[in-house]
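Structural overview
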Amino acid sequence: MDVTDQRILRHIQTNSDMSIQALADAIGLSATPTARRLKRLEEAGYIRKRVALLDPEKLGLNATLFVSIRTSRHDAEWLQRFSSGVERMPEVVEFYRMGGDIDYLLKICVPDVKDYDEVYKKLIAIAPLSDVSASFAMEAIKNTTELPL
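Now for a description of the structure that goes with this document. (Residues numbered from 1 in each chain as written. Predicted model: local features only at pLDDT ≥ 70, side-chain atom pairs only at ≥ 80, totals over all residues. Heavy atoms only, no water.)

As for the overall build of the protein chain
Stated formally: Numbering of helices and strands starts at the N terminus; helices are DSSP runs of H or I of at least 4 residues and strands are runs of E of at least 2. Our radius of gyration looks at C-alpha atoms and nothing else; its globule reference is 2.2 Å times the residue count to the power 0.38. Burial classification: accessible surface area is computed with a 1.4 Å probe over protein chains only, and a residue below 20% of its type maximum counts as buried, one above 50% as exposed, and the rest as partly exposed. For this analysis, residues touch if any pair of their heavy atoms sits within 4.5 Å.
Within the protein chain, the regular secondary structure consists of five helices and four strands. Beginning at the N terminus, the succession of helices and strands in the protein chain can be written as α-α-α-β-α-β-β-α-β. Against the 2.2 N^0.38 benchmark of 15 Å for 149 residues, the protein chain shows a C-alpha radius of gyration of 20 Å, more extended than a compact globule. Structurally, the protein chain occupies a C-alpha span of about 55 × 35 × 25 Å along its principal axes. Relative to its 149 residues, the protein chain shows a buried fraction of 26%. Expressed as a percentage of contacts within the protein chain between residues at least 6 apart in sequence, the contacts between residues at least 24 apart total 63%.

Spelled out as structure tokens, the structure:
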């Protein structure tokens, strides 16, 4: 990957709907080599997929919670059961296995903080957990999908 590839990636991170010509103009290349580079970046896996970013509040998802989970079990069977169960929960929009004091961190979007109780009940039904602790976001100060290049 060279500087031109990085410029392509920077531009499409902010607007993946750009036409090839608009992208080419923005990076200072003609359309054909820009299209080839973009295709190569996609085939190489630098671009996983292109998506539309939806406004959660307009969709009635006014509460974002971060849920810290600790467990006393760390075997493969437990992890498979827990991972499969969490992946089926549409309210969970991000799911991480962590190092440090907590074992898993989930980002959850629900209509209201009180709706978290239903999510909590689903979570504890999936697999045995030692501790489940939720914090809600009062304001998103920075929320981006752009990676630093």
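Continuing now.
Side note on the packing of helix α1 (residues 3-14) against helix α2 (residues 20-27)
Counted only if it meets this: Working convention: axes come from line fits to C-alpha atoms, limited for helices to the stretch in contact. Angles between N-to-C directions cover 0 to 180 degrees. Any angle that is under 35 degrees is reported as roughly parallel, and any over 145 degrees as roughly antiparallel; angles of 65 to 115 degrees are reported as roughly perpendicular and all others as oblique. What makes a crossing left-handed is the near helix being turned counterclockwise from the far one by less than a right angle; a clockwise turn instead makes it right-handed. Each residue is assigned to one of three groups, with Ala, Val, Leu, Ile, Met, Phe, Trp, Tyr, Cys and Pro labelled nonpolar, Asp, Glu, Lys and Arg labelled charged, and all others, Gly among them, labelled polar.
As a packed pair, α1 and α2 sit with axes 10 Å apart at the nearest point and diverge in direction by 125 degrees. The angle between α1 and α2 places the two elements in the oblique class. Handedness of the α1/α2 crossing: right-handed. The segment α1 lies against α2, with Thr4, Arg7, Ile8, His11 and Ile12 engaging Leu23, Ala26 and Ile27. Its residues placed into classes, the contact of α1 with α2 shows five nonpolar, two polar and one charged.

Some remarks on the side chain of glutamate 91
Along the chain, the position of glutamate 91 falls in the loop between α4 (76-87) and β2 (92-97). The contacts of glutamate 91, once residues within four sequence positions are left out, are Lys107, Ile108, Cys109, Val110, Val119 and Lys122.

Notes on the nonpolar core
As a rule of thumb, soluble globular proteins bury nonpolar side chains together. Put simply, the rule reads: Only buried residues count toward a nonpolar core, which is a set of Ala, Val, Leu, Ile, Met, Phe, Trp, Tyr and Cys residues joined through side-chain atoms within 4.5 Å.
With 18 residues, the main nonpolar core has Phe82, Leu106, Ile108 and Leu123 as its most contacted residues. Elements supplying a minimum of two residues to this core: β1 (63-70), α4, β3 (104-110) and α5 (116-126). If sequence neighbours within four positions are ignored, leucine 106 has contacts with Leu65, Phe66, Val67, Ile69, Val86, Val92, Glu94, Phe95 and Leu123. The next biggest cluster of nonpolar side chains, apart from the first, holds eight residues, and it includes Ile8, Leu9, Ile12 and Ile27.

Overview of the packing of aromatic side chains
Basically, it comes down to this: Stacked, tilted and edge-to-face pairs are distinguished by plane angle, under 30 degrees for stacked and over 60 for edge-to-face with tilted covering the rest, among Phe, Tyr and Trp rings (Trp via its six-membered ring) whose centres lie within 6.5 Å.
Scanning the model with the defined rule gives six aromatic pairs in all. Their ring planes at 75 degrees and their centres at 5.7 Å tell us that phenylalanine 82 and phenylalanine 95 sit as a pair that is edge-to-face. Placement of phenylalanine 82 in helix α4 and of phenylalanine 95 in strand β2 is noted, with a sequence separation of 13 residues between them. Exposure remark for phenylalanine 82: the relative accessible area of 0% places this residue in the buried category. Using a relative accessible area of 26% as the deciding quantity, one classes phenylalanine 95 as partly exposed. A connected cluster of aromatic rings, assembled from ring pairs, spans Trp78, Phe82, Phe95 and Tyr104.

Digging into the pairing of β1
Our working definition: A pair of strands is labelled paired if DSSP reports no fewer than 2 bridges between them.
Burial along β1 is one-sided: the residues Ala63, Leu65, Val67 and Ile69 are buried and none of Thr64, Phe66, Ser68 and Arg70 is. Note that β1 and β3 share seven bridges and pair antiparallel. Looking across to β3, one finds that alanine 63 is bridged to valine 110. By the bridge criterion, six bridges tie β1 to strand β4 (residues 131-136) in an arrangement that is antiparallel. Within β4, the position partnered with phenylalanine 66 by the bridge is serine 135.

Let's talk about the environment of leucine 123
Structurally, leucine 123 can be placed in helix α5. On the basis of relative accessible area, leucine 123 is assigned to the buried category, the value being 0%. In this structure the C-alpha to C-alpha distance between leucine 123 and valine 67, which are 56 residues apart in sequence, comes to 10 Å. The residues touching leucine 123, leaving out its near neighbours within four places in the chain, are Val67, Ile69, Phe82, Val86, Met89, Leu106 and Leu129.

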